[in-house]
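The chain contents come next:
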Amino acid sequence: MGDGVPASKIFREDNATGYTYDDIIVMPDHIDFGTDEVDLETHLTKGIKLKLPLVSSPMDTVTESNMAINMALQGGIGIIHYNNTIEEQVQEVRAVKRFENGFINKPVVLSPQHTVADVDDIKEKYGFSGIPVTVDGTLGSKLVGIVTSRDIDFFPDNRCKPLSEVMSTDLVVGKEHLSLAEANQILRESKKGKLPIVNEKFELVALISRNDLQKNRDYPLASKDANKQLLVGAAIGTRASDKQRLAELVAAGVNVVVIDSSQGDSTFQIAMVQHIKREYPDLQVIGGNIVTVRQARRLIEAGVDGLKVGMGVGSICTTQEVCAVGRAQASAVYHVSKFAREFGVPVIADGGISSSGQIIKALTLGASCVMMGSMLAGTEEAPGQFFFQDGVRLKKYRGMGSIEAMTKGSSVRYFSEAQNIRVAQGVSGAVIDKGSLKRLVPYMIQGVRHGFQDFGCKSLELAHQRLYSGDLTFELRSPAAQREGGIHSLHSYEKRLS
């Protein structure tokens, strides 16, 4: 009919050509539903469902507790990196599990010695001015006051006045462990904008904002476990010491562990999977990274609940260049997903994602979720500070195979921690400011929903059914077609989220 071909014809077993996402395009079909009807619910693992197929990568410039909390609130999940001590990683996991929607667990805090000018700086940087004041200006110190815009607006000519002279000391507080509903009631009755949460020693432990309650009251897609806590994952390695790390993470309440290796088909990873399933049979485990069916078979036989697919395709990864090993991502995702489906093992497409279109392609080739690094690294929720270079606001982003990351500890991921000469399989760089995840994720997901509408699938499950029945069709794109399908023939242009 000339309307494209099934994926099975493009990714033939006797075809020695590797294809990436840009090489293919999905053929459109009839539209008989709205984008709001598209259901993207999926499986991260055999035992964990997500409302959205999005996972943040376990990289030290991508996922710590702030990223993991916001990914889970949006309907995805974050995987805490392990380029840190056991205690540090456990602390990040606990922060996610302790999080209650509406509670600010790491509020900005000042001391009585700070000045009105410091409040001005915070307002300019973060957009708010209601700040708790503690004895030494830190969370966990005794609360002595709170300063709001109403306290400082009357000193236009003296911004050096210390907060001890302007802060409000007639405090309305909430006690630790109160519920969100109870906190909301206190705010309503007191008509306050901020509610500090203190422990029995009157030490500040959290903050609640009326504005945040109004904005964050309802996250219908939030990823939660049976205890109504946010879902969170954590990465581990395959060393003997990682068994202790694993035990501590389980005690902290982690929901899934990702065995993080650049080449996951090893006796070390198989032994770790078997250890996890023997000692913690209810814990979900994702193996990887892999790109072939042979690799997948061994990890599935070992007992993994999910597979991470991708080798050398991330924007900061140089594995294919340095080691000449890997696979084009579209081919890897299709072949591994097709095989793993027979065993009910979901696939996470890891790497090569730089747009909503590439998310769509990964999902239509059989992946259940996509894992993103650079797409999320420039957000406010990613670790690190923004900086300016040539007038552009940037944030640091590095591969876990970069010399910088390996020096800190990630060399175990590449089986090179004992080597005197380290061979980098990644680079360090910077990504442009992408704003908040709260804005970026809805934008990406709306693009995905539009794509699913265009090729006529109301759900991810239906897309997978049509993929394997041959009803979902594709075409290969020539280099000229790829150029034509992108922005072209313009002198200049600007990409905006909205």
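Look above for the structure.
Rules used in this analysis
- Residues numbered from 1 in each chain as written.
- Predicted model: local features only at pLDDT ≥ 70, side-chain atom pairs only at ≥ 80, totals over all residues.
- Heavy atoms only, no water.
- Helix = DSSP H or I, 4+ residues; strand = E, 2+ residues; numbered from the N terminus.
- Buried < 20%, exposed > 50% of the residue type's maximum accessible area, 1.4 Å probe, protein only.
- Contact = heavy atoms within 4.5 Å.
- Areas by Shrake-Rupley, 256 points an atom, 1.4 Å probe, with all protein chains shown as cover.
- Phe/Tyr/Trp six-rings, centres within 6.5 Å; stacked < 30°, edge-to-face > 60°.
- Core = buried A, V, L, I, M, F, W, Y, C linked by side-chain atoms within 4.5 Å.
- Axes fitted to C-alpha atoms, helices over the stretch in contact; angles between N-to-C directions.
- Parallel < 35°, antiparallel > 145°, perpendicular 65-115°, else oblique.
- Left-handed = near helix turned anticlockwise from the far one by under 90°.
- Nonpolar A, V, L, I, M, F, W, Y, C, P; charged D, E, K, R; others polar.
- Salt bridge = Lys/Arg side-chain N within 4 Å of Asp/Glu carboxyl O.

> Could you give me a rundown of the overall build of the protein, with the residues and numbers involved?
Along its length, the protein carries 18 helices and 22 strands. The 498 residues of the protein split such that 52% are buried. Counted over contacts in the protein with a minimum sequence separation of 6, partners at least 24 positions apart contribute 65%. For the protein, the accessible surface area stands at approximately 23,200 Å², while carbon and sulfur atoms represent 49% of it.

> Tell me what's going on with the packing of aromatic side chains, and back it up with residues and numbers.
Two measures describe an aromatic ring pair: the distance that separates the ring centres and the angle between the ring planes. Tallying each qualifying case throughout the model produces 4 aromatic pairs. Measuring from centroid to centroid gives 6.0 Å for Phe11 and Tyr19, while their planes differ by 80°, and the two rings are edge-to-face. Residues Phe11 and Tyr19 agree in their burial class; the two are buried. Ring centres of Phe339 and Phe343 lie 5.1 Å apart, and the angle between their planes is 55°; on these two criteria the pair is classed as tilted. Take Phe339: its relative accessible area is 9%, and that puts it in the buried class. Classification of Phe343 by relative accessible area gives partly exposed; the value is 41%. The rings of Phe11, Tyr19 and Tyr334 are connected pair by pair, giving a single aromatic cluster.

> So, the nonpolar core: which residues are in play, and what are the values?
Within the largest apolar cluster, 93 residues are counted, with the highest numbers of intra-cluster contacts made by Leu54, Leu307 and Phe452. Residues in contact with Leu307, not counting those within four places in the same chain, are Ile286, Gly287, Ile290, Ala296, Leu299, Ile300, Val336, Ala340, Val345, Pro346, Val347 and Ile348. Formed by 15 residues, the second largest nonpolar core is a distinct cluster that contains Ala235, Val256, Ile286 and Cys369.

> Which residues make up the packing of helix H3 (residues 86-98) against helix H8 (residues 241-252), and what values go with them?
Contact geometry for H3 and H8: axes closest at 9 Å, N-to-C directions at 20°. Between H3 and H8, the crossing angle belongs to the class labelled roughly parallel. By crossing handedness, the relation of H3 to H8 is classed as right-handed. Each of Ile86, Gln89, Val90, Val93, Arg94 and Lys97 in H3 lies in contact with H8, whose residues at this interface are Ser241, Gln244, Arg245, Glu248, Leu249 and Ala252. A per-class count over the contact of H3 with H8 returns 5 nonpolar, 3 polar and 4 charged.

> If you had to explain the pattern of salt bridges to someone new, which residues and values would you point to?
Here the structure, examined in full by the defined rule, presents 18 salt bridges. A salt bridge links Glu165 to Lys161, with the nearest nitrogen and oxygen atoms 3.3 Å apart. Judged by its relative accessible area of 51%, Glu165 is exposed. According to the relative accessible area criterion, Lys161 is buried, its value standing at 17%. Residues Asp242 and Arg245 are paired through a salt bridge, measuring 3.7 Å at the closest nitrogen-oxygen approach. Note that Asp242 and Arg245 are positioned in helix H8 at a spacing of 3 residues, about one turn of the helix. Using a relative accessible area of 0% as the deciding quantity, one classes Asp242 as buried. Accessibility expressed as a relative area gives 5% for Arg245, which makes it buried. Residues joined in a network through salt bridges with shared partners are Glu41, Lys49 and Lys51.

Everything listed here is a matter of coordinates, which is why it stays silent on function.
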